[in-house]
Amino acid sequence: MSSVPPESDPEDTNKQSFWMVRRPRLTKPGNYQRTVKRTEDAFQACNDIVTCFQERARLERQYAQQLSEWSNKWKPLVDTSPLYGSLLRAWQCFLSSADRLSTLHASVCRSLVSEDGDRIRTWQKETFHKKLFGGFRESQDFDVGFARAQKPWAKRLKKLEKAKAAFHKASRKEHTAQEREVHAQGNPDITMEKQRKIQEEREITHQETQKVRARYEKVLEEVTRYAPRYMEEMESIFDQAQEEERKRISFLKQAFLSIHRHLDVTNNESVKAVYNELHNTLMSVSEQQDLRWWKNTYGPGMPTDWPQFQEWMPDKKLKKAKKEVEPKDVVMERSVMIGGVRVRALYDYVGQEPDELTFKAGEQFLKTEDEDDQGWCRGMMDGGREGLYPANYVEVV
């Protein structure tokens with residue numbers, strides 16, 4: 001604790017000191033109200049923080065909605081685009097990445113509102129206790145504590161101001177008497193009797209000034225002697241206010257760090273996974289694979305039945321009989337191969353439709369139906385998944 005009040009800044013003489021009011025005719029010393037008001041300011045700051053990041057949460061929600069709307073708008077157009085193969089998958093990955101980012105930013109919105117906002121509101125309720133007629137109990141406690149510490153100091157200051165005023169008044173009176181005495185001594189028009197009375201008056205004022213001066217010095221000594229106690233009591237209350245403020249600063253720092261953690265998507269593992277997957281998909285774009293797929297699906301690699309010599313066979317005469325309608329499911333069963341044939345993939349193939357198989361070169365599975373007119377077979381993978389695949393992409397094992 002300081003032994004004497006700190007000197008005021010000469011450039012800041014118009015402001016009030018925490019220890020002493022520098023304005024005339026004020027008996028209330030110190031300027032502790034700013035410290036008291038800090039409680040109400042902190043409460044309002046919490047309201048502003050919650051409102052601020054609720055607005056940011058709305059922006060996160062709007063961004064999530066816009067990402068989702070953008071993805072849904074372009075999905076059907078991308079799926080029917082003229083691109084194909086790995087290049088098409090790369091484009092589609094941008095849309096699936098947007099869906100995943102939309103989910104992420106929606107979760108950021110929920111965290112800002114339900115986690116961070118509720119955390120600050122709960123802390124507000126536990127830390128600030130409102131009074132029935134306005135204000136906060138914490139502010140009142142500090143105000144009462146400062147007022148009690150300053151009450152005896154204010155009394156002494158008031159007494160000191162009174163003693164000082166009396167001394168200055170007596171000094172002015174003595175100064176006037178001295179001027180009159182000097183003027184009388186050089187004036188032959190003033191009688192000796194009159195000069196003697198003026199001299200006596202000056203002596204009386206001098207004695208009165210010395211008497212008042214002694215009283216003023218005594219009161220000043222009392223004030224100076226009481227100053228350390230006054231400072232100790234004021235600093236005690238101030239330290240309590242500082243401790244409460246320290247707790248508020250510490251909590252709000254942690255609240256800001258929590259908000260930062262939710263907003264900082266650069267360190268979010270989900271975001272890293274989204275962009276890593278997108279990057280890997282883009283890097284897997286292969287012109288050779290896409291061109292081979294196009295060749296085998298729409299080009300010279302397509303399966304075809306080349307013309308062959310066919311012997312002429314006489315038409316068989318069939319007896320007229322009642323024509324039977326064969327059920328559709330029976331017709332379908334004719335192409336099914338009982339047990340299936342084991343085949344090996346010659347190339348990688350990625351199914352373009354939900355009913356198509358996806359496999360890699362060298363992978364084996366069962367062919368369960370023969371090739372149709374368009375060059376497609378039906379097969380079943382070892383995991384039990386069934387689907388169509390290009391007949392010329394496999395060979396019989």
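A short tour of the structure in this document, coming up. Keep in mind that this is a model prediction, so the values were computed, not measured. Each residue is numbered by its place in its chain's sequence as written, counting from 1. This being a predicted model, a pLDDT of at least 70 is required before a residue's local features are given, and a value of 80 or more before pairs of side-chain atoms are given or counted; all residues contribute to the totals for chains, interfaces and linings. Hydrogens and waters are ignored; side-chain quantities use all the structure's heavy atoms.

Focus: the nonpolar core
Soluble globular proteins tend to pack their nonpolar side chains together in the buried interior.
Point 1. Here, nonpolar core refers to any group of buried Ala, Val, Leu, Ile, Met, Phe, Trp, Tyr and Cys residues whose side-chain atoms link them within 4.5 Å. The cut-offs for exposure are 20% and 50% of the maximum accessible area for each residue type, with area from a 1.4 Å probe on protein chains only; residues under the lower value are buried, those over the upper are exposed, and the others partly exposed. Phe146, Trp153, Tyr230 and Met234 are the most contacted members of the largest nonpolar core, which has 24 residues in total.
Point 2. Strands here mean DSSP runs of E at least two residues long; helices mean DSSP runs of H or I at least four residues long; both are numbered from the N terminus. Secondary-structure elements contributing two or more residues to this core are helix 3 (137-185) and helix 4 (192-263).
Point 3. Counting residues per element, this core draws most heavily on helix 4, which supplies 11 residues.
Point 4. Counting 18 residues, the second-largest nonpolar core is a separate cluster that includes Val50, Val108, Phe251 and Ala255.

Structural notes on the pattern of salt bridges
Here the idea is simple: oppositely charged side chains can pair when their charged atoms come close.
Point 1. Just to be clear on terms, a salt bridge is a Lys or Arg side-chain nitrogen sitting within 4 Å of an Asp or Glu carboxyl oxygen. This model, assessed by the stated rule, comprises 21 salt bridges.
Point 2. Measuring nitrogen to oxygen at the nearest pair gives 3.7 Å for the salt bridge that ties glutamate 245 to arginine 38. Of this pair, glutamate 245 sits in helix 4 while arginine 38 is found in helix 1 (residues 33-79), placing the two residues 207 residues apart along the sequence.
Point 3. Classification of glutamate 245 by relative accessible area gives buried; the value is 15%.
Point 4. A salt bridge links glutamate 193 to arginine 196; its shortest N-O distance comes to 2.3 Å. Of this pair, glutamate 193 and arginine 196 are both found in helix 4, three residues apart, which corresponds to roughly one turn of the helix.
Point 5. When its relative accessible area of 41% is taken as the criterion, glutamate 193 is described as partly exposed.

Overview of helix 3
Point 1. Here the expected span of a helix is defined as 1.5 Å times the quantity of residues minus one. Taking 1.5 Å per residue as the helical rise, helix 3 with its 49 residues ought to reach 72 Å, and the 70 Å between its terminal C-alpha atoms agrees with that figure.
Point 2. Remark: the principal bend of helix 3, roughly 35°, maps to lysine 151, with a proline, proline 152, within the next four residues. What is called the bend at a residue is the angle between a pair of axes, fitted to the seven residues leading up to and ending at it and to the seven starting from it.

Here's the deal with helix 1
Point 1. Here helix 1 contains 47 residues, and its C-alpha end-to-end distance of 69 Å stays within 8% of the 69 Å for a straight helix at 1.5 Å per residue.
Point 2. Along helix 1, the sharpest kink reaches roughly 30°, centred on threonine 39.

Here we look at the pairing of strand 3 (residues 376-380)
Point 1. Paired strands, in this sense, are two strands between which DSSP finds at least two bridges. Both strand 2 (residues 364-369) and strand 3 contribute to a ladder of three bridges, which runs antiparallel. In the sheet register, glutamate 369 faces strand 3, and the bridge partner there is arginine 378.
Point 2. The antiparallel hairpin formed by strand 2 and strand 3 contains six residues in its connecting segment, where glycine 375 sits at a positive phi of about 85°.
Point 3. In terms of strand pairing, strand 3 meets strand 4 (residues 386-390) through five bridges, oriented antiparallel. Its bridge partner lying in strand 4, cysteine 377 is registered against tyrosine 389.
Point 4. Linkage of strand 3 to strand 4, two consecutive antiparallel strands, is achieved through a turn of five residues, within which glycine 384 is found at a positive phi near 100°.

A closer look at the packing of helix 1 against helix 3
Point 1. Two elements in contact, helix 1 and helix 3, have axes whose closest approach is 8 Å; the angle formed by their N-to-C orientations is 170°. One element, helix 1, and the other, helix 3, form an angle in the roughly antiparallel class. In this structure, helix 1 contributes Gln33, Thr35, Val36, Thr39 and Glu40 to the contact, and helix 3 contributes Glu138, Ser139, Phe142, Asp143 and Phe146.
Point 2. In terms of residue class, the contact of helix 1 with helix 3 is made up of three nonpolar, four polar and three charged. Axis geometry follows a simple rule: fit a line to the C-alpha atoms, using only the stretch in contact for helices, then measure angles between N-to-C directions, giving values from 0 to 180 degrees. An angle counts as roughly parallel when it lies under 35 degrees, as roughly antiparallel when it exceeds 145, as roughly perpendicular when it falls between 65 and 115, and as oblique in every other case. Contacts are residue-level and defined by heavy atoms, with any inter-residue pair within 4.5 Å sufficient. The classification used treats Ala, Val, Leu, Ile, Met, Phe, Trp, Tyr, Cys and Pro as nonpolar, Asp, Glu, Lys and Arg as charged, and all other residues, Gly among them, as polar.

Structural notes on empty space enclosed by the protein
Point 1. Throughout, the protein atoms alone are placed on a 1 Å grid, and a set of points is a cavity if a 1.4 Å probe fits but cannot get out or a pocket if it is open with protein on both sides within 12 Å along at least five of seven lines; lining residues have an atom within 4 Å of a point. Grid points are joined across faces, edges and corners, and a volume is the space filled by probe spheres set on the points. Here the structure, examined in full by the defined rule, presents three cavities of 30 Å³ or more.
Point 2. Forming the boundary of the largest cavity are Gly85, Ser86, Arg89, Gln289, Asp290, Arg292, Trp293, Asp348, Tyr349, Val350, Gln352 and Tyr393.
Point 3. Here the lining of the largest cavity takes four residues from helix 6 (residues 287-298), the largest share from any one element.
Point 4. Taken together, the residues of the lining of the largest cavity sort by class into four nonpolar, four polar and four charged.
Point 5. What the second largest cavity holds in volume is close to 50 Å³.
Point 6. Residue lining of the second largest cavity: Ile49, Val50, Phe53, Gln54, Leu112, Val113, Asp116, Gly117, Ile120 and Ile259, and that is the complete set.

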